[in-house]
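Structural description and commentary
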Amino acid sequence: MLALDQVLPPSATVTSEGHLAVGGCDLVELAEEHGTPLVVYDEGALRATARAFREAVARHAPGGEVVYASKAYFGLAMLRIVCEEGLSVDAASGGELYAALRAGFPPERIHLHGNNKDAGEIGAALDAGVGTVVVDNLDEIALLEREAARRGMVQRVLLRITPGVRPSTHSHIATGQSDSKFGFPLAARMAHAGVEAARRSPHLAFEGIHAHLGSQLFDLSVFRPAAQVLADFAVEIGAEDVTTVDIGGGLGIAYTAADRPPSVETFVETIAEAVHEAWRSRGLPLPRLVTEPGRAIAGRAGVTLYRVGGIKPIEGVRVYASVDGGMSDLLRPMLYGAVYEPLVANRADAEPTEVVRLVGKHCESSDVLVGEAHLPPLEVGDLVCLPATGAYGVSMASNYNGQPRPAVVFVDNGASRLVTRRETYADIVARDVL
Ligand code: LLP
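From a predicted model like this one, the values you see are computed outputs, not experimental measurements.

With that out of the way, let us pick up the domain arrangement of the protein. In terms of domain boundaries, the protein breaks down into domain 1 (13-35 + 301-429) and domain 2 (44-298). Domain 1 and domain 2 are separated by 33 Å when their C-alpha centres are compared. Summed over both partners, the interface of domain 1 with domain 2 comes to about 1700 Å²; 61% of that surface belongs to carbon and sulfur atoms. Of all residues in domain 1, Y336, Y392 and F410 give up the largest surface area on contact with domain 2, accounting jointly for 30% of the area buried on that side. Those elements that place two or more of their residues in the side of domain 1 that touches domain 2 are α11 (332-336), β20 (407-412) and β21 (415-420). The element that contributes the greatest number of residues to the side of domain 1 that touches domain 2 is β20, accounting for four residues. Among the residues forming the side of domain 1 that touches domain 2, the class breakdown is 13 nonpolar, four polar and four charged.

This next bit is on the pairing of β20. In terms of burial, β20 is largely enclosed, as five of its six residues are buried. Two elements, strand β4 (residues 38-42) and β20, share five bridges in a ladder whose sense is parallel. Across the sheet, V40 pairs through a bridge with V409, a residue of β20. Pairing geometry for β20 and β21, over five bridges, is antiparallel. Within β21, the residue paired with F410 across the bridge is R417. As consecutive antiparallel partners, β20 and β21 are separated by two residues, and within that stretch N413 has a phi angle of approximately 50 degrees, a positive value.

When two helices pack together, their arrangement is captured by the angle between the axes and the distance separating the axes. Close contact between helix α8 (residues 223-237) and helix α9 (residues 264-281) brings their axes to 8 Å; oriented N to C, the two are set at 35 degrees. The crossing of α8 and α9 is right-handed. On α9, the residues touching F223, R224, A227, Q228, L230, A231 and A234 of α8 are F267, I271, E273, A274, V275, E277, A278 and W279. Tallied by class, the residues present in the contact of α8 with α9 amount to eleven nonpolar, one polar and three charged.

Let's shift gears to the packing of helix α4 (residues 94-102) against helix α5 (residues 119-128). It is at 9 Å that the axes of α4 and α5 come closest, and there the two elements cross at 25 degrees. Of the possible angle classes, the one that applies to α4 and α5 is roughly parallel. Between α4 and α5 lies a crossing whose hand is left-handed. Between α4, through G94, L97 and L101, and α5, the contact on the second element is made entirely by E121, A124, A125 and A128. Of the residues that constitute the contact of α4 with α5, the class distribution is five nonpolar, one polar and one charged.

Across all of its chains, the model carries 19 salt bridges by this definition. Between D232 and R282 there is a salt bridge whose closest N-O contact spans 2.8 Å. Here D232, found in helix α8, pairs with R282, found in the loop between α9 and β13 (288-291); they are 50 residues apart in sequence, far enough to count as distant. Look at D232 and you get partly exposed, because its relative accessible area is 37%. Where R347 meets D382, a salt bridge forms, and the shortest distance between an N and an O atom there is 2.2 Å. Separated by 35 residues along the polypeptide, R347 in the loop between β16 (343-344) and β17 (354-359) and D382 in the loop between β18 (368-375) and β19 (383-386) bring together distant segments of the chain. By relative accessible area, which is 23% here, R347 ends up partly exposed.

This next bit is on the sheet that holds strand β2 (residues 20-22). Taken in spatial order, the three strands line up as β1-β2-β3 in an open sheet, and their pairing is antiparallel. Both edges of this open sheet fall to β1 (13-14) and β3 (25-26), since each of them pairs with a single strand only.

Overall, the coordinates contain five aromatic pairs when judged by the stated rule. Judged by centre distance (6.3 Å) and plane angle (75 degrees), the ring pair of F53 and F267 falls under edge-to-face. A residue pair is termed long-range when its members are at least 10 positions apart, and F53 in helix α2 (residues 43-60) and F267 in helix α9 qualify at 214 residues. Each of the two residues, F53 as well as F267, counts as buried.

Thresholds, definitions, all that
Residues numbered from 1 in each chain as written. Predicted model: local features only at pLDDT ≥ 70, side-chain atom pairs only at ≥ 80, totals over all residues. Heavy atoms only, no water. Domains from an automatic or database assignment. Buried area = accessible area lost by both parts, 1.4 Å probe. Helix = DSSP H or I, 4+ residues; strand = E, 2+ residues; numbered from the N terminus. Nonpolar A, V, L, I, M, F, W, Y, C, P; charged D, E, K, R; others polar. Buried < 20%, exposed > 50% of the residue type's maximum accessible area, 1.4 Å probe, protein only. Pairing = 2+ DSSP bridges. Axes fitted to C-alpha atoms, helices over the stretch in contact; angles between N-to-C directions. Left-handed = near helix turned anticlockwise from the far one by under 90°. Contact = heavy atoms within 4.5 Å. Parallel < 35°, antiparallel > 145°, perpendicular 65-115°, else oblique. Salt bridge = Lys/Arg side-chain N within 4 Å of Asp/Glu carboxyl O. Phe/Tyr/Trp six-rings, centres within 6.5 Å; stacked < 30°, edge-to-face > 60°.

Written as structure tokens, this is what we have:
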């Protein structure tokens, strides 16, 4: 019924008044109640995708683990849901660790990530008793060893490797190649040195290797060569204690009606086959498989609602339509050239007969949310909905131009609940000292 069926949350419908509804809730009413910009998540969709990952891993890699990459969206209500669905969580900083603990995650299901963890972050993780630290470099091994020794602890670790394969995605979110700030490269045997250091330490328990290849991947063929490289590495270092292989996240989602991402099932089957085949062909016992999806869980479940303020037709040039948010709540179009396809939530059944440039309210010309938006003729006061904004939207939001970050509402089965209140102007200046 909707052109954006594969992009909107699966529960999206159009009401008899022509309003877009998600999770059984009318988005026009939600925007009136909570104001705009407003981020709305379909809780049922979040749970269903989390469960789909867990079930697919249980089928294709029994004993494996699904770790939600919380950088995609780390609201406490989201983390609580992910926890309830039985997933683990990837915290890439002290802040994400704090959020995971506040949401009630059992510490043993937390994986601490990051390419520059400081002593405070490592100390907090050790004090909390996190299950796994994914170590990134030799200096960090020394720091972790010191902090664990001080506490008389042994910390389980995975070593993050850059396998030297480049996935097909935007260069800003490709991480598998050797020329990367993340992890131990295989070049000059840096990764071998890392494993030796981890194995030598009486305060670290080396459990295996980690490699995240990139994000927003549609072409999954990169996992096969990456798994081969990792398996060769396991042979070189002696595979007895390589009991875990964490292949990272990366499954892409549809941002436009033309996008056809692989399913969760295909993704999990592909990574499991790639790793199992690589290990089996070298006669190695199969490792425990870990995957870290972020975007694929949070992305499609979330939409952002904006109110149209001004419409400016420039004769012979184009039409600009300004909305009440922009690069402060959705940086992806400006940072990666990401393309979104909006619709008008209060006239969701109207034909898109015009092309307008949808821009935000920020003092910067790059504040373009959608360069060429196909929409019905817009009016001031219309409610524009950008689908597929659930991942890396709110989590990358800023206060540029003193803009309060948006409120977040969860909807499910006709009920809605506010999970993050809108920021106030007082919040924005609260940390300043006069
Ligand atoms: N694991 C590690 C170690 C990662 O670095 C990432 C993402 C993930 C898992 C999750 O990847 P996902 O399943 O979400 O693709 N801000 C960018 C994305 C940055 C991804 C960073 N790392 C964007 O908006 O596209």
